[in-house]
Structures are given as C-alpha cells and as structure tokens.
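# Structure assessment
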Number of protein chains: 2
Amino acid sequence: MLDVPFLPFCILLGILGLVCVAFVSAWCQYWRGGFAWDGSTQMFNWHPVLMVTGMVVLYGAASLVYRLPASWSGPKLPWKVLHGSLALAAFTLAVLGLVAVFRFHNAHGTPNMYSLHSWLGLATILLFSCQWLAGFSTFLLPWAPAWLRGLYKPVHLFFGSTILLLAVASCVSGINEKLFFSLKDGPAQYKLLPAEAVFANTLGLLILLFGVLVLGALARPSWKRPDADASDSRQ
Amino acid sequence: MLDVPFLPFCILLGILGLVCVAFVSAWCQYWRGGFAWDGSTQMFNWHPVLMVTGMVVLYGAASLVYRLPASWSGPKLPWKVLHGSLALAAFTLAVLGLVAVFRFHNAHGTPNMYSLHSWLGLATILLFSCQWLAGFSTFLLPWAPAWLRGLYKPVHLFFGSTILLLAVASCVSGINEKLFFSLKDGPAQYKLLPAEAVFANTLGLLILLFGVLVLGALARPSWKRPDADASDSRQ
C-alpha cells in the first residue's frame, strides 16, 4: 500500500472520528428534537450519539494505541492502562446508550430486543464486555503467566477487530432503521430523500469509512510493533 | 489463535455458507411468497438470495482461493483463473440481484437509491467492479510489469477484505429493513418477534459469522502463502 506514515494518518482519522460525532449529534439535535434524559424521544437521541462516540470512535482510538511508535519502547504498563481506559470509556458510553434506548422503549410500551439491529448491537456489547474483562485479567493484572498471555493475545486481536466490524454493522442498520421509523409521512418521507436522509445516510458512510480505515490500520504489517509476535513479558 | 488446520476450517465455512444460502432461500420461499421474474414482490425475493449467494458466499470462496496450500506451488495461472471466475460469478449474481430490486421498485413506482442500505449496497458493488477490473488487468493479463503487480497487490488485498465487510453490512441493514417493511400489522408484527423474524434475524447473524470467519482466515498469518510478500512474477 502507499507508504503513509502512521501519525498523519492518525490525525486524519481523529478528524474523521470527530466529524462522525459531530454529524450524529447534529442529526439528533437539528432534525430529531435534541436531547433529554426522561424516557422521551429526546432520550432516545442519546442512543445513536453514545453508540457512535463509544463503540466506533473511542473504541477505534483504543484499538490503535499500540500502533503509536512511542508505545514500542520503555515500560508497557502506561500504554496498557491507556488502552484499557479508552476501552472502558467506550464501554461505559455504550452501556449508557443501551439505557437510553431501553428506557425510551419501556416508557412507550415498545418491546425491546426484536430487530436484527438490536440482536446484533447487544451481541456486540456482550462480546465487548467479555473482551474487556479477559484483556484486563490477562494483560493488566500481574498474575497471568507469559504462556497464557501469548496464547490469548491473537484471540484478543481477532475479537478486537471483529467487535469493531460488528459495531459498524450495528450503526449502519440502526441509522437505516431509525430513518424508516422517523421519515414516514408527507414531503419528508425517507423515499423522497429529504435533507435529513441525505445527511444521515452520509453519516452511515462516514462511520463505515472510519471503521474500514481503523481495521486497515490494525492489519497493516509495517505499523505493528516490530516484536509484536514475541511473548508479552514486558511490564 | 488455536492451531486449526485450514482444510477442516474451509469445509466448516463451506457448510456455513450453504446454510446461509438455504436460510435466505427458505425465508423468501416460505414466508415471502416464493420467486418470479415479473416485477412483482416475488421478483424482489431474488434480491436477498442473489446478494447473499453472490456478494457473501461466492465472494468469500473467491477470496480464500490463495489460502489453499495446493495453490502455493506449481503454475499460478489456474488459481488466478479460479479466483477471477468465482469473483466474476459473484459479481454476475450481484448485478442480477440489482436488476431484481430495481425492476420491482420501478413496477411499483417506488424510488430507487434513497435508503442507507441502497447507498451502501451500490457503493459495494461499484467498488467490486473496480476491484475485479483492476485485478483482471493487473494480475491475469500478461502486460503488467512485476513492479506494478507488487505495488497494486496490497491495495487489492485491502479492498478485497473491505468489500466483504461492506457486503456483510449491506446484508444486515437490508434484512433489517425488509423485516420492518414486511412485518407491519397484526400478530406477525416485527416487534412481536414472530417465527419469521427469529428466522431472518438468525440469518443476519449467520451472514455476519460467515463474514467474520472469512476476514479472520484472510488475516491469519500462518494460512498465507509462505512467499506472499514476494513480488508476483510466477505465471
């Protein structure tokens, strides 16, 4: 692939992540009536904002910590703490995002957990909770022997990428579903492609672009730590 | 990761792919009224079947051709022809899948290309057409010099995985959308989770599992051809 240095790529990715957060916030503020925490539609609006910010942007940032060349030498613990903290922040936002949609559904007598979007989204967050707990107990707590860390590391990497892929697919199906729910009647029907639909469809494509770039960066051999395949014994 | 040999994995993946095709066909046959090629709802039913079979299962099979140890020695041309032919078959089914949905929309006066699902799906197929043409002209036709093949190969690999990811996200958003469209009234409403909804949601998760396993297999270092990073000069 083109020989792009990691840091400029990372800055562009950070900007793209901020654009995603700005787009989802602007969509919910400008077209969907803004935010509240009271079981109303305004409470639902926290759901897309928290999920995109947590499960896509913060999660993507957490996943790329070990691609920073500065993390390749010196003590590894501060980088582990940064990786784990960013992931924990992403997880916290995701749980709040779940609370937002469940309370909205419950307040309106709408069943939870029936759509493919909801199955996939909840499966993603459950996988993420297992990933975080297993990563914390194996890599951050001091008890795990080197052979266990070595054994678990490729599993952790595989599920790290998988969870981001699932999160992106959840976001795309969720935005699609929300637009069909919200744009039903009159001149602003989804099928007439009003400004809101163009804006939110673009948000979906930006989230996909962000996800693809993060997964591409994770897979790129020249951006991995040179001794990435060695056993994980440095603390 | 666990030391799974490629061939048994490949057989399991093939079974999973067949299960996906069987599920999407059974969904459209049993719950959605079967198949026709006349602009009716039965014509629409070809859309999910052709897309899952082409853009997910056949595409996945095409992408894994060079992971077969038999392809690592001897002349490379037959494997290139197999890879290109499977991809062309996948592309042909995808184009027929597009025809099915466009003719259905046109016959019912429904606009095309307004939902995020449609934007993403069409973008995926356009990317795939570029990928196939670029792959064909660079790797199958004899004119391209080794330096060009070496330069383009990582780009081809990156977009190969990306297109599968986009195809899977398209399928998930499409199944979700179709269920909201079809299960609107009475005791079979989507939100009451009738048998069709459970079945089609499960199909969505199976497609995701298939996609994740193919992407994981493509990324696994020990399943790559030993000289995969060398320039592509063998014919």
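Just so it is clear, the structure is predicted and the values come from calculations on it, not from any experiment.

## Thoughts on the overall build of chain A
- Tallying secondary structure elements over chain A gives seven helices and zero strands in all.
- Walking chain A from its N terminus toward its C terminus, one meets helices and strands in the order α-α-α-α-α-α-α.
- For 235 residues, the compact-globule estimate of 2.2 N^0.38 gives 18 Å, and the C-alpha radius of gyration of chain A, at 19 Å, lies within 12% of that figure.
- Across its three principal axes, chain A shows a C-alpha extent of roughly 60 × 40 × 25 Å.
- Classification of the 235 residues of chain A by burial places 48% in the buried group.
- Taking all contacts inside chain A whose residues are at least 6 apart in sequence as the whole, residues at least 24 apart take part in 72%.
- Summing over all exposed atoms, chain A offers an accessible surface of approximately 10300 Å²; the carbon and sulfur share of this is 74%.
- A gap of 5 Å separates the mean positions of the 14 positive and 8 negative side-chain charges of chain A.

## Some words on the confidence of the model for chain A
Residues and elements named next belong to chain A.
- Residues of chain A with pLDDT of at least 70 account for 96%, and the chain-wide mean is 95.
- This stretch, residues 231-235, has a pLDDT under 50; its non-local contacts, to residues over four places away or in other chains, come to 17 contacts.
- As scored by the predictor, the complex reaches a pTM of 0.97 and an ipTM of 0.96.

## A word on the UniProt feature "transmembrane region" (unreviewed entry) in chain A
Residues and elements named next belong to chain A.
- UniProt tags residues 6-28, 49-69, 81-102, 114-134, 154-176 and 197-219 as "transmembrane region" (unreviewed entry).
- What you have in residues 114-134 is 90% helix and 0% strand, and the ends, taken at the C-alpha atoms, are 29 Å apart.
- Overall, residues 197-219 shows 100% helix and 0% strand. The separation of its end C-alpha atoms is 33 Å.

## Observations concerning the UniProt feature "domain: Cytochrome b561" (unreviewed entry) in chain A
- In this structure's numbering, the residues bearing the UniProt feature "domain: Cytochrome b561" (unreviewed entry) are residues 12-219 of chain A.
- Helix makes up 77% of residues 12-219 of chain A and strand 0%, whereas the separation of the span's terminal C-alpha atoms amounts to 18 Å.

## With respect to the interface of chain B and chain A
- Between chain B and chain A, the contact holds 35 residues from the first and 35 residues from the second.
- Summing both sides of the interface, chain B and chain A together bury roughly 3500 Å²; the carbon and sulfur share of this comes to 84%.
- At the boundary of chain B with chain A, the tally comes to zero salt bridges.
- Across the chain B-chain A interface, the total number found is 12 residue pairs in polar contact (both at pLDDT 80 or more).
- For the side of chain B that touches chain A, the secondary structure elements donating two or more residues are helix 5 (116-140), helix 6 (146-182) and helix 7 (195-219) of chain B.
- It is helix 6 of chain B that contributes the most residues to the side of chain B that touches chain A, 14 residues altogether.
- Residues of the side of chain B that touches chain A, tallied by class, amount to 24 nonpolar, nine polar and two charged.

## Notes on the packing of helix 5 (residues 116-140) of chain A against helix 7 of chain B
- As a packed pair, helix 5 of chain A and helix 7 of chain B sit with axes 9 Å apart at the nearest point and diverge in direction by 45°. If you check the angle between helix 5 of chain A and helix 7 of chain B, you find them oblique. Helix 7 of chain B is crossed by helix 5 of chain A, and the crossing has right-handed handedness. On helix 7 of chain B, the residues that touch Leu-116, Trp-119 and Leu-120 of chain A of helix 5 of chain A are Val-198, Asn-201, Thr-202, Gly-204, Leu-205 and Leu-208 of chain B.
- Its residues placed into classes, the contact of helix 5 of chain A with helix 7 of chain B shows six nonpolar, three polar and no charged.

## Observations concerning the relation of the copies chain B and chain A
- With an RMSD of 0.0 Å, the fit of chain B onto chain A corresponds to turning through 180° and sliding 0.0 Å along the axis. Given the turn and translation reported, the copies of this chain are related as if by a two-fold rotation axis.
- The overlap is high: 100% of the interface residues of chain B also sit at the interface in chain A, so the same surface is used on both sides.

Rules behind the numbers
- Residues numbered from 1 in each chain as written.
- Chains lettered and ligands numbered in written order.
- Predicted model: local features only at pLDDT ≥ 70, side-chain atom pairs only at ≥ 80, totals over all residues.
- Heavy atoms only, no water.
- Helix = DSSP H or I, 4+ residues; strand = E, 2+ residues; numbered from the N terminus.
- Rg over C-alpha atoms; globule rule 2.2 N^0.38 Å.
- Buried < 20%, exposed > 50% of the residue type's maximum accessible area, 1.4 Å probe, protein only.
- Contact = heavy atoms within 4.5 Å.
- Areas by Shrake-Rupley, 256 points an atom, 1.4 Å probe, with all protein chains shown as cover.
- Lys, Arg positive; Asp, Glu negative; His and termini not counted.
- Charge placed at Lys NZ, Arg CZ, Asp CG, Glu CD.
- pLDDT = per-residue confidence, 0-100.
- UniProt positions renumbered as here; feature names shortened; annotations may be inferred.
- Buried area = accessible area lost by both parts, 1.4 Å probe.
- Salt bridge = Lys/Arg side-chain N within 4 Å of Asp/Glu carboxyl O.
- Polar contact = N/O pair within 3.5 Å; in protein donor to acceptor, adjacent residues only side chain to side chain.
- Nonpolar A, V, L, I, M, F, W, Y, C, P; charged D, E, K, R; others polar.
- Axes fitted to C-alpha atoms, helices over the stretch in contact; angles between N-to-C directions.
- Parallel < 35°, antiparallel > 145°, perpendicular 65-115°, else oblique.
- Left-handed = near helix turned anticlockwise from the far one by under 90°.
- Least-squares fit on C-alpha atoms with pLDDT ≥ 70 in both.

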